[in-house]
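Survey of secondary and tertiary structure
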Amino acid sequence: MIVSHRHKLIFIKTLKSAGTSIELALARHCGPADIVTPIYPPIEAHDARNWRGWFAPWREVRSRGDLQKNVSELMRRNRLYNHIPARFARARLPRNVWRSYYKVCVERNPWDKTLSHYHMFKNASWHRNYDPDLTLERYLKNGRFCHNAPFYCDTHGQLLVDRVLRYDRLDEELTDLFTQLGLPFEGLPHAKGDLRKDRTSYKDVFTPDQAKQIGRAFQNEIKLHGWEF
């Protein structure tokens, strides 16, 4: 996550959407007072700062799980962090900052994102769910899909950000965003290596039944953004 007071921008980081690369690109233009959260796995050139602090743990609590999560993060002074949901960031930032800054995130076609998520589990040795023997069939059967909407929507499914950039045209979207901010866009740094060795399109990987299963799992996101297989 990045909160740039210099550019009045809040970047909410989603999963499997080039979030780390975007953080690195934005961090180049952040000032010493801006908030830049740590990333994992760590990258030496990434200068995380100003992300620790105290906050009111009862704000944005909607369940016992929310409260437990907030208290745990409060005890570690993790006021803001890598993949913090927007609703918690809203509760932990000053109201005038959240209301007046431009809030953006990135979302990805759910079928493409699902295939990338599978390859991460299978190939990323640093990930807690790393399983080099994982098959696509077993991954889909487990049903542990990569849902990003909870990062940028409230508990009723309403958007909390001003703009959702599309991953499938990310260069165009980021060029427009950086222009809006008055910044040069020189492309994205490559952050985590190539976890997906097989670049076959998801359209040629999933069977019709698998495609329907993923469509059912992501029906809310598909309705929100109009994705198509």
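Heads up: the structure comes first, above all this text.
Attention here is on the structure that accompanies the text. Since the structure is predicted, the reported quantities are computational estimates derived from the model, not experimental observations.

1. Things to note about the overall build of the protein chain
Assigned secondary structure in the protein chain consists of ten helices and five strands. Taken over the C-alpha trace, the protein chain has a radius of gyration of 18 Å; the compact-globule value for 229 residues is 17 Å, and the two agree within 12%. Across the 229 residues that make up the protein chain, the buried fraction comes to 50%. The long-range share in the protein chain, meaning contacts at least 24 apart out of those at least 6 apart in sequence, stands at 65%. As displayed, the protein chain offers around 12000 Å² of accessible surface, 49% of which is attributable to carbon and sulfur atoms. Counting 38 positive and 26 negative side-chain charges, the protein chain places the centres of these two groups 7 Å from one another.

2. Notes on the side chain of Glu23
Topologically, Glu23 is positioned in helix H1 (residues 19-27). Under the relative-accessibility criterion, Glu23 is labelled buried at 0%. For Glu23, the residues in contact, after removing those within four places along its chain, are Met1, Ile2, Phe11, Lys13, Thr37, Ile39 and Asn82.

3. Comments concerning the layout of surface pockets
A probe as big as a water molecule, rolled over the atoms, marks out the empty space that is left. By volume, the second largest pocket amounts to about 270 Å³. What lines the second largest pocket is a set of 15 residues, among which Ala149, Cys153, Gly157, Asn220 and Glu221 lie closest to the centre. Those elements giving two or more residues to the lining of the second largest pocket turn out to be helix H7 (149-152) and helix H10 (219-225). Looking at which element gives the most residues to the lining of the second largest pocket, the answer is H10, with five residues. When its residues are assigned to classes, the lining of the second largest pocket shows six nonpolar, five polar and four charged.

4. A look at the pairing of strand S4 (residues 102-107)
Where burial is concerned, most of S4 is hidden: five out of the six residues are buried. Sheet analysis places strand S2 (residues 9-11) next to S4, joined by three bridges and oriented parallel. The residue bridging Leu9 from the neighbouring strand is Tyr102, located in S4. Inspection of the sheet shows S4 paired to strand S5 (residues 163-166) by four bridges, in the parallel sense. Considered in S5, the bridge of Cys105 is made with Val164.

Quick notes on the rules
Residues numbered from 1 in each chain as written. Predicted model: local features only at pLDDT ≥ 70, side-chain atom pairs only at ≥ 80, totals over all residues. Heavy atoms only, no water. Helix = DSSP H or I, 4+ residues; strand = E, 2+ residues; numbered from the N terminus. Rg over C-alpha atoms; globule rule 2.2 N^0.38 Å. Buried < 20%, exposed > 50% of the residue type's maximum accessible area, 1.4 Å probe, protein only. Contact = heavy atoms within 4.5 Å. Areas by Shrake-Rupley, 256 points an atom, 1.4 Å probe, with all protein chains shown as cover. Lys, Arg positive; Asp, Glu negative; His and termini not counted. Charge placed at Lys NZ, Arg CZ, Asp CG, Glu CD. 1 Å grid on protein atoms, 1.4 Å probe; cavity = no way out; pocket = protein on both sides within 12 Å on 5 of 7 lines; lining within 4 Å. Points joined across faces, edges and corners; volume = space filled by probe spheres on them. Nonpolar A, V, L, I, M, F, W, Y, C, P; charged D, E, K, R; others polar. Pairing = 2+ DSSP bridges.

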